[in-house]
Every structure is written in structure tokens, then in C-alpha cells.
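Single-letter residue listing:
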Amino acid sequence: MARKHSKHGPYEDTQAEDEAPVEVVACWLCGRPTGKTIIWHHPVPKSRGGRDVVPMHPICQQNLTANFTNSELQRHGMDVEALLANPAVRKFVDWVANKDPDFTATLTKKQR
């Protein structure tokens, strides 16, 4: 006897009705809306006692870790304006401002 419905049918029907609209959050560093991948970054590193997390693009987090040490990030804390005062970070944010939220690229290594 044949089945009326496939045993391994599509899952779209069960999930599509239950899903709520996804809330778009802004990146802590650049202010652009985040895409599919969100990094929850500790502005004050966990090794330095940081507990708060902020949403960021992966490329924005890579830029921060390439330009600042954990000690410098601890001193700046949650002050994003102090981080943007750094010329390399400001140049990066201006460059990435018109890119797609899921944009990714290879960044330079740490400048130390």
C-alpha cells in the first residue's frame, strides 16, 4: 500500500508558519545592519574581565583584533567613538560603509 504523504517530505511547511520575522540588529562598530552571520564580540576581552557582548560583522571584529591589543581594548571599554578615533579603524569603517551586510574580505595581519 502506498503512502499518502512522503515519509521524508519537505520541512518548509512546518517551519514557515511558526517563524517570526527576524529582527535586524546594527553592527556595534560600523553601524550597518548585520547579515546572516553575527559575531557576539566582547568589547572588553573576557581575559580582562569583560562580560558584555555586542553584535558585530565578522570582518569588523577581525579589524578590531588586528588593530588593538587586549590591553588597549580594555582601556577603551564600551566607547566605540574612542575606537573610531584610530585612523586605521576609521578608514576601514568608511571603506566598508557601502558594502553588503554579508561582505567578507581578507584583512591584513596585526600591525605590531
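Residues numbered from 1 in each chain as written. Predicted model: local features only at pLDDT ≥ 70, side-chain atom pairs only at ≥ 80, totals over all residues. Heavy atoms only, no water.

Asker: Would you mind showing me how to read the overall build of the protein chain here?
Answerer: For the protein chain, the count of helices and strands is 5 helices and 2 strands. The secondary structure elements of the protein chain, listed N-terminal to C-terminal, are α-β-β-α-α-α-α. Across the 112 residues that make up the protein chain, the buried fraction comes to 28%. Restricting to contacts in the protein chain with at least 6 residues of sequence separation, those with at least 24 account for 54%. Accessible area for the protein chain stands at about 8,200 Å²; split by element, carbon and sulfur atoms hold 51% of it. (Helix = DSSP H or I, 4+ residues; strand = E, 2+ residues; numbered from the N terminus. Buried < 20%, exposed > 50% of the residue type's maximum accessible area, 1.4 Å probe, protein only. Contact = heavy atoms within 4.5 Å. Areas by Shrake-Rupley, 256 points an atom, 1.4 Å probe, with all protein chains shown as cover.)

Asker: Got a minute to help me understand the pattern of salt bridges in this structure?
Answerer: Pairing between side chains of opposite charge can happen when their charged atoms approach one another. What the rule picks out here adds up to 1 salt bridge. Linking Arg90 and Asp94 is a salt bridge whose minimum nitrogen-to-oxygen distance equals 3.5 Å. Placement of the pair is Arg90 and Asp94 together in helix H5 (residues 87-96), with a separation of 4 residues, close to one helical turn. Judged by relative accessible area, which is 34%, Arg90 ranks as partly exposed. Asp94 sits in the partly exposed class, given a relative accessible area of 48%. (Salt bridge = Lys/Arg side-chain N within 4 Å of Asp/Glu carboxyl O.)

Asker: Looking at this structure, how should I read the environment of Arg51?
Answerer: Along the chain, the position of Arg51 falls in the loop between strand E1 (39-41) and strand E2 (54-56). By relative accessible area, Arg51 is classed as exposed at 76%. Between the C-alpha atom of Arg51 and that of His41, which follows or precedes it by 10 residues, the distance is 9.9 Å.

Asker: Can you help me understand the packing of helix H2 (residues 58-67) against H5 in this one?
Answerer: Axes are the key here: two packed helices are described by the angle between their axes and the distance separating the axes. Where H2 meets H5, the axes come as close as 10 Å, and the angle between the chain directions of the two elements is 165 degrees. The orientation of H2 relative to H5 falls into the category roughly antiparallel. Our pair here, H2 against H5, has a crossing hand that is right-handed. Residue-level contacts link Ile59, Cys60, Asn63 and Asn67 of H2 to Ala88, Val89, Phe92 and Trp95 of H5. Counted by class, the contact of H2 with H5 contains 6 nonpolar, 2 polar and no charged residues. (Axes fitted to C-alpha atoms, helices over the stretch in contact; angles between N-to-C directions. Parallel < 35°, antiparallel > 145°, perpendicular 65-115°, else oblique. Left-handed = near helix turned anticlockwise from the far one by under 90°. Nonpolar A, V, L, I, M, F, W, Y, C, P; charged D, E, K, R; others polar.)

Asker: Looking at this structure, how should I read the nonpolar core?
Answerer: If you look at soluble globular proteins, the nonpolar side chains tend to sit buried side by side. Trp28, Leu29, Met56, Cys60, Leu64, Phe92 and Val93 are the most contacted members of the largest nonpolar core, which totals 18 residues. Sorting elements by how many residues they give to this core places H5 first, with 4 residues. With residues near it in sequence (within four places) discarded, Val93 still touches Leu29, Cys30 and Leu84. (Core = buried A, V, L, I, M, F, W, Y, C linked by side-chain atoms within 4.5 Å.)

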